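# Per-entry structural report
Letter by letter, the chains look like this.
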Amino acid sequence: MKQRFSALQLLKLLLLLQPPLPRALREALCPEPCNCVPDGALRCPGPTAGLTRLSLAYLPVKVIPSQAFRGLNEVIKILIQNTKNLRYIEPGAFINLPRLKYLSICNTGIRKFPDVTKVFSSESNFILEICDNLHITTIPGNAFQGMNNESVTLKLYGNGFEEVQSHAFNGTTLTSLELKENVHLEKMHNGAFRGATGPKTLPCRAMA
Ligand SMILES: *[C@@H]1O[C@H](CO)[C@@H](O)[C@H](O)[C@H]1NC(C)=O
Ligand SMILES: *[C@@H]1O[C@H](CO)[C@@H](O)[C@H](O)[C@H]1NC(C)=O
């Protein structure tokens, strides 16, 4: 069989391919089917058959708007990490993701506790991880309402939390709750766990 390219031709081709490489890398960071507008909004519209995992890291976006993941009916995992430019996660950003089982929001620049309510996931063993977001100061009331109708594991560590408000965990069944390394956390409202079931294990040094 005749070779299509000589070694020299192949080398030339590789050299030709080199200049666009940084762009290719940038595009690799913004996964299909997303749109990652620098200083703008992240949108990952579905449906996309077979898409179960969405890893979003080092993106230039500033905001995750309402219904950003609309129609991603099959997505199980969403990871939002190391995205310092991100300032806002708007209410309803994660609404209606029925298969979602794992949501991680870590090391971002958001100022407000992200709206993770109304995910309406019916998967058991739902895990929410919110970590290393230094600018979030408050866990508000009803912060996890409607996330999941089964039990949830909350890993909330390394954040800028100063206060957990009354009824923060209202409406949840907690398998476990991690609140470690929130070094500024001083005010845990007496009624923070009002309306919540569990957890069986609350780490003793939660506020250390
Ligand atoms: C959660 O919702 C699903 C689907 O609607 C249902 O099958 C399941 O029984 C519900 N679980 C609880 C604890 O209500
Ligand atoms: C607690 O959650 C229930 C629904 O689960 C809601 O009806 C109630 O208003 C909430 N309580 C407060 C004080 O927010």
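Residues numbered from 1 in each chain as written. Chains lettered and ligands numbered in written order. Predicted model: local features only at pLDDT ≥ 70, side-chain atom pairs only at ≥ 80, totals over all residues. Heavy atoms only, no water.

## A few points about the pattern of salt bridges
Here is the rule we go by: We define a salt bridge as a contact between a side-chain nitrogen of Lys or Arg and a carboxyl oxygen of Asp or Glu at a distance within 4 Å. Runs of E in the DSSP output that reach at least two residues are strands. Runs of H or I that reach at least four are helices, and both are numbered from the N terminus.
Tallied over the full model, the rule gives three salt bridges. Between glutamate 123 and arginine 99 there is a salt bridge, and its shortest N-O distance comes to 3.0 Å. Here glutamate 123 is found in the loop between β7 (102-108) and β8 (126-131), whereas its partner arginine 99 is found in the loop between β6 (88-89) and β7, with 24 residues between them in sequence. Here glutamate 178 and lysine 180 are joined by a salt bridge, their closest N and O atoms 3.9 Å apart.

## Describing the state of the cysteines
Put simply, the rule is: When two cysteine sulfur atoms lie within 2.5 Å, the pair is treated as a disulfide. Think of it in three bands: with a 1.4 Å probe and only protein chains considered, a residue is buried below 20% of the maximum accessible area for its type, exposed above 50%, and partly exposed in between.
If you walk through the whole model with that rule in mind, you get three disulfides. Covalent S-S linkage joins cysteine 30 and cysteine 36, the inter-sulfur distance amounting to 2.0 Å. Here the S-S torsion is close to 85°, and the disulfide linking cysteine 30 with cysteine 36 is therefore right-handed. Across the pair, cysteine 36 and cysteine 30 agree in class, each one buried. Disulfide pairing places cysteine 106 opposite cysteine 131 at an S-S distance of 2.1 Å. Its S-S torsion of approximately 120° makes the covalent link between cysteine 106 and cysteine 131 right-handed. Linking cysteine 106 in strand β7 with cysteine 131 in strand β8, this pair joins segments that are 25 residues apart in sequence. Here the cysteine-cysteine linkages of the protein are recorded as 1-3, 2-4, 5-6, numbering only bonded cysteines and doing so in sequence order.

## Quick look at the pairing of β7
Spelled out, the test is: Two strands make a pair as long as DSSP finds a minimum of two bridges between them.
Of all seven residues making up β7, five are buried, and the element is well covered by its neighbours. The sheet contact formed by strand β5 (residues 77-83) and β7 spans six bridges and is parallel. If you follow isoleucine 80 over to β7, its bridge partner there is isoleucine 105. Where β7 lies against β8, five bridges are found, and the strand directions are parallel.

## A look at the sheet that holds β5
Whenever strands of a sheet pair, they do so through backbone hydrogen bonds, lying parallel or antiparallel. Which entries qualify depends on this criterion: The angle between two axes is taken between their N-to-C directions and runs from 0 to 180 degrees, where each axis is a line fitted to C-alpha atoms and a helix contributes only its stretch in contact.
Pairing is parallel in the open sheet, where six strands are placed in the order β3-β5-β7-β8-β10-β12. Edge strands, defined here as strands with exactly one partner in the open sheet, are β3 (53-57) and β12 (173-178). Adjacent strand axes in the sheet meet at a mean angle of 10°, parallel and antiparallel pairs treated alike. Alignment of β3 against β5, held across five bridges, turns out to be parallel. From the neighbouring strand, arginine 53 faces β5, where its bridge partner is lysine 77.

## What to know about the confidence of the model for the protein
Note the cut-off: Values of pLDDT, which run from 0 to 100, indicate the predictor's confidence residue by residue. Note on definitions: a residue-residue contact is assigned when non-hydrogen atoms from the two residues lie within 4.5 Å.
Chain-level statistics for the protein give a pLDDT mean of 88 and a share of 82% at 70 or above. Overall, residues 204-208 carries pLDDT values under 50, and its contacts beyond four positions in sequence, including any with other chains, amount to six contacts.

## Some remarks on the sheet that holds strand β9 (residues 138-139)
Strand order across the open sheet formed by three strands is β9-β11-β13, with parallel pairing between neighbours. Whereas interior strands pair on both sides, the edge strands pair on one side only; in this sheet they are β9 and β13 (187-188). Pairing of β9 with strand β11 (residues 163-164), which is carried by two bridges, proceeds in the parallel orientation. Following the sheet pairing, isoleucine 139 is matched in β11 by valine 164.

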